[in-house]
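Structural overview for review
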Amino acid sequence: MGLRNYLIEGVSGAGKTTVATELQRRGYQAIHGDRELVYRGDPETGAPVSPPPGGPTAEWNGAHQIWDLAKVRAYIAGQDEPVTFFCGGSRNFAAFIGLLDGVFVLEVDEATMNRRIDERVARDPTDFGAKPEDRALIARLFATKEDVPQGGMRIDATAPLDAVVDEILRRALGG
C-alpha cells in the first residue's frame with residue numbers, strides 16, 4: 001500500500017500497538033500486524049501449525065507468531081499510500097524485511113516495559129503478560145532482544161507518544 005514501507009518493532013510493552021493507533025489517527029497507513037496479519041505457523045516455511053499436546057505455552061506461541069507473507073507482500077506492492085507502517089512482532093520478519101525501506105525499533109527500559117504490561121493486563125486480564133510464564137518469556141526476550149530485528153533505527157519509546165511518533169515520521173518522511 002505504500003510507496004515507502006517500514007516495520008515498527010520492539011519488545012513487548014514497547015508501544016507498537018499504541019504507535020500504530022496514533023499513526024492511524026494522524027491519517028497514515030498503519031497495519032496492526034499482531035491483529036491483521038498474524039497466525040501461528042512455522043517461521044521457516046510459513047506452514048500453519050497446531051499447538052502441541054496439552055496446549056500452547058507462552059514460549060511456543062511466541063516462537064510461532066508469524067505474519068502472512070502474501071498479505072505483507074500485497075501491502076508492499078500497492079502504491080496507494082505515500083508510506084505504510086507495519087507495526088507489531090513477527091518471528092518471520094527475516095522473510096520480508098529486505099522488501100522494506102527501513103525498520104524502527106522502539107526501545108524502553110525494563111521498568112517502563114513492566115509498567116506498560118501491568119497497565120495492559122489491568123485492562124484485559126487475558127492479555128499477554130498476565131501469566132507468570134508470559135512474564136518469564138518477556139523478561140528473557142527483553143534481555144536477549146533475540147526476536148527484534150538488529151540494525152534498525154532506534155527510537156526512545158519512553159518519550160511521550162507524540163514525540164515518538166514525530167521522530168518516526170521525521171525519519172521516515174525525511175523531514
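In this report, the structure presented in the accompanying data block is examined. Treat the numbers as computed from the prediction; the structure is a model and nothing was measured.

Turning our eyes to something else, we now look at unusual backbone geometry. Only a minority of non-glycine residues have a phi that is not negative, and only a minority of peptide bonds are not trans. Of note in the backbone geometry, Lys-145 takes a positive phi value of approximately 55 degrees without being a glycine. With respect to the helices, strands and loops of the structure, Lys-145 is situated in the loop between helix 6 (132-144) and strand 7 (153-156).

This part is about the packing of helix 5 (residues 110-123) against helix 6. Across the interface, helix 5 lies against helix 6 with an axial gap of 11 Å and an inter-helix angle of 150 degrees. Taken as axis vectors, helix 5 and helix 6 run roughly antiparallel relative to one another. As for how helix 5 packs across helix 6, the hand of that crossing is right-handed. Facing helix 5, whose interface residues are Glu-110, Met-113, Asn-114, Ile-117 and Asp-118, helix 6 presents Arg-135, Ile-138 and Phe-142.

So, on to helix 5. Compared with the 20 Å implied by 1.5 Å per residue over 14 residues, the 20 Å span of helix 5 between its first and last C-alpha is a close match. Listed as buried for helix 5 are Thr-112, Met-113, Ile-117, Arg-120 and Val-121. Down the axis of helix 5, the buried set is contained in an arc of 165 degrees. They therefore lie on one face. Among the exposed residues of helix 5, those oriented more than 90 degrees off its buried face are Ala-111 and Ala-122. Residues of helix 5 that are buried make contact with helix 6. Backbone nitrogen of Ala-111 and a side-chain oxygen of the N-cap are separated by 3.1 Å at the start of helix 5; the cap is Asp-109.

Take the pattern of salt bridges next. The tally for this structure, following the rule as stated, stands at 14 salt bridges. The salt bridge partner of Asp-147 is Arg-91, with a shortest N-O separation of 3.7 Å. Of this pair, Asp-147 sits in the loop between helix 6 and strand 7 while Arg-91 is found in the loop between strand 5 (81-87) and strand 6 (102-107), placing the two residues 56 residues apart along the sequence. Using a relative accessible area of 13% as the deciding quantity, one classes Asp-147 as buried.

Let us now look at the layout of surface pockets. The calculated volume of the largest pocket comes to roughly 1300 Å³. Around the largest pocket, the lining is made up of 49 residues, and of these Ser-12, Lys-16, Asp-34, Arg-120 and Phe-128 lie nearest the centre. A per-element tally of the lining of the largest pocket places helix 6 first, with seven residues. Residues that form the lining of the largest pocket fall into these classes: 18 nonpolar, 13 polar and 18 charged.

What counts, and at which threshold
Residues numbered from 1 in each chain as written. Predicted model: local features only at pLDDT ≥ 70, side-chain atom pairs only at ≥ 80, totals over all residues. Heavy atoms only, no water. Helix = DSSP H or I, 4+ residues; strand = E, 2+ residues; numbered from the N terminus. Axes fitted to C-alpha atoms, helices over the stretch in contact; angles between N-to-C directions. Parallel < 35°, antiparallel > 145°, perpendicular 65-115°, else oblique. Left-handed = near helix turned anticlockwise from the far one by under 90°. Contact = heavy atoms within 4.5 Å. Expected span 1.5 Å × (residues − 1). Buried < 20%, exposed > 50% of the residue type's maximum accessible area, 1.4 Å probe, protein only. Arc of directions from axis to C-beta. Polar contact = N/O pair within 3.5 Å; in protein donor to acceptor, adjacent residues only side chain to side chain. Salt bridge = Lys/Arg side-chain N within 4 Å of Asp/Glu carboxyl O. 1 Å grid on protein atoms, 1.4 Å probe; cavity = no way out; pocket = protein on both sides within 12 Å on 5 of 7 lines; lining within 4 Å. Points joined across faces, edges and corners; volume = space filled by probe spheres on them. Nonpolar A, V, L, I, M, F, W, Y, C, P; charged D, E, K, R; others polar.

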